[in-house]
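Close look at the chain arrangement
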Amino acid sequence: MEKASVFLKRIMLGVLLAALGLGFALIVREGVGSRSYLYALALGAAWAAGLSALLRHKPLPVPRHAGLWAALLCFAVNLIWVLVIRIEPFSDYKEYWDVARALARGTEIPDAWYVAMYPHILGTATVLSALIRVFGESVFAVTVLNVLLTSASAYLVWLLGRELLSERAAFLAALLWAVTPCKLMLNSLIFSEPIYTFLILLFFLLFLRLEKRMRGASPWPAVCGIAALGLLLAAINLIRPIAAILLISVALWLVFLRGDEARNLRRWALWLVALAAMLGLYRGAGALWDSHVENRLGQEIASVPWYNIYVGLNEETGGRYTDADMDLLTAYLKQGMSADEAQKSMIPHVKERLASGIDLPKLLGTKLFSFLGNDELGGYTYRFTRSERFVKIGMAVCNVFYYGVLIAGFVGLDKMFRSRSLGAGLLLPLFFLGLTLAHMLVEVANRYHYSLIPVLIIFAAHGFVREERRSQ
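Here goes a summary of the coordinates provided. (Residues numbered from 1 in each chain as written. Predicted model: local features only at pLDDT ≥ 70, side-chain atom pairs only at ≥ 80, totals over all residues. Heavy atoms only, no water.)

**A look at the packing of helix α10 (residues 193–214) against helix α13 (residues 265–297)**
Packing of α10 against α13 leaves a shortest axis separation of 11 Å and a crossing angle of 145°. Crossing geometry of α10 relative to α13 is assigned as right-handed. Of the residues in α13, those in contact with Phe207, Glu211 and Met214 of α10 are Arg267, Leu270, Trp271 and Met278. Grouping the constituent residues of the contact of α10 with α13 by class yields five nonpolar, no polar and two charged. (Axes fitted to C-alpha atoms, helices over the stretch in contact; angles between N-to-C directions. Helix = DSSP H or I, 4+ residues; strand = E, 2+ residues; numbered from the N terminus. Left-handed = near helix turned anticlockwise from the far one by under 90°. Contact = heavy atoms within 4.5 Å. Nonpolar A, V, L, I, M, F, W, Y, C, P; charged D, E, K, R; others polar.)

**Examining the nonpolar core**
Side chains of a nonpolar character, in soluble globular proteins, are inclined to be buried together. Formed by 175 residues in total, the largest nonpolar core has its most connected members in Phe203, Phe204, Phe207, Trp253 and Phe464. Ranked by residue count, the leading element in this core is helix α7 (residues 139–164), at 13 residues. Excluding residues that lie within four positions of it along the chain, phenylalanine 204 makes contacts with Leu160, Leu246, Leu427, Leu428, Phe431 and Val455. (Core = buried A, V, L, I, M, F, W, Y, C linked by side-chain atoms within 4.5 Å. Buried < 20%, exposed > 50% of the residue type's maximum accessible area, 1.4 Å probe, protein only.)

**Re the pattern of salt bridges**
The full count for this structure, using the stated rule, is 15 salt bridges. One salt bridge connects glutamate 211 with arginine 215, and the closest N-O pair in it is separated by 2.9 Å. When salt bridges that share partners are traced, they join Lys94, Asp98, Arg101, Arg105 and Glu137 into one network. (Salt bridge = Lys/Arg side-chain N within 4 Å of Asp/Glu carboxyl O.)

**A word on helix α2 (residues 35–57)**
Counted at 1.5 Å a residue, the expected span for α2 with its 23 residues is 33 Å, and the 33 Å between its end C-alpha atoms agrees. Looking at the buried positions of α2, the neighbouring elements they touch are α1 (2–33), α8 (167–178), α18 (360–372), α20 (388–418) and α22 (453–464). (Expected span 1.5 Å × (residues − 1).)

**A few points about the side chain of asparagine 187**
Summarising the element assignment, asparagine 187 is placed in the loop between α9 (181–186) and α10. In this structure, asparagine 187 is in contact with Asn78, Val82, Thr143, Asn146, Val147, Thr150 and Pro194, ignoring residues within four places of it in sequence.

**What to know about helix α15 (residues 323–334)**
Between the first and last C-alpha of α15 there are 16 Å, a value that for 12 residues agrees with the 16 Å anticipated at 1.5 Å per step. Looking only at α15, the buried set comprises Asp325, Met326, Leu329, Thr330, Tyr332 and Leu333. Along the axis of α15, the buried residues cluster in a sector spanning 150°; they form a single face. Projecting away from the buried face of α15 at angles above 90 degrees are the exposed residues Asp323, Ala324 and Lys334. Buried-residue contacts for α15 involve α5 (112–117), α14 (306–312), α16 (339–344) and α17 (347–354). Positive phi appears at glycine 336, one or two residues downstream of α15, with a value of about 95°. (Arc of directions from axis to C-beta.)

Right, dumping it as structure tokens:
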């Protein structure tokens, strides 16, 4: 079993490394037409190589309470940004804000049809409405919440790094997350990413710790804890519907990547009980939330996102949003259909697009670049409110940092590939690969890789620091 699990682990990591390798090739290809990508890649490689050389000669000193210091640094740096740089909500970000204000006031939800199409909007808006009831309709209060959440995420990155790597690598990972420029720039927005990213990191940490206790003499408290994680998954899903990827990652790890642990029939029984209860709580809480959303909106919500699959197959836009695709969906809504009926009406159009002779390799390459090929959204976000020079500098800084982390993350993943160690830490690359593959099917946008950045930074810390991991 051990050899089979190591073999399957290397297949999984090999696929992920191949995807990242293809991503580098696409960055270079894109850079032929837009030299800024090549310059950013070269500068990213330079800072990554420089930091790696520096750490070889002088290891990073780790203070007491290192995670707390990293979190405080994250809070200070990001707070300064949101104090100085303000931006009014627009586009999807305004949708969150308008729904949150309606919830806080107890008034009718604006664009209820759109919220029914994407019910996770109401999840984020519910969190923000609680903030509005305390601080009033203050965009600044929301940006401070973003700063608090990203700072708490820095602490979780440190804890995860300690579980999987070492004290020094954990501290480096937390510092890298603290100064990530795209995350810093996006904190001025009203959006869901800081919330669900924090919850995903919390899920990883709790699962890792509970999995260790499952191997102890008294595993039943851990069984109950893993079952309770179903509620955390439900919370993730009501903010962003990607909890299924975490569930699939857990299932794949449990069945294929536990090595000789999988021979223990008693532990199998414990895991089956834990996962059945986790799934039950997840589905039960999700059903209750869906019922609440439908009662609040006064209409049926959508189930399968056929529209997003349709957009994801749009070769002309590279799987990204276009007004023409949205107009097709809204045409069904104008006929009096519910959100779910309108989504199902997209099925024939999905089949038609599939049968139209899509150049799949080209489409997937375009989508992979859109998803992982750059991290410039932080700067691009300010295109409506700041000068062109501000936007270009912001985009360049984000990309230079991201490409350095991407290179170091590739090195870290290669170390994992060469290692024979197994463990629940493999959930991180499973999630990274799963989310990437999911967006090769559905609508893609640069923003959707936000939750992968702290995971990539943990891989990068492993690439930078020449120390053995504690576990994986």
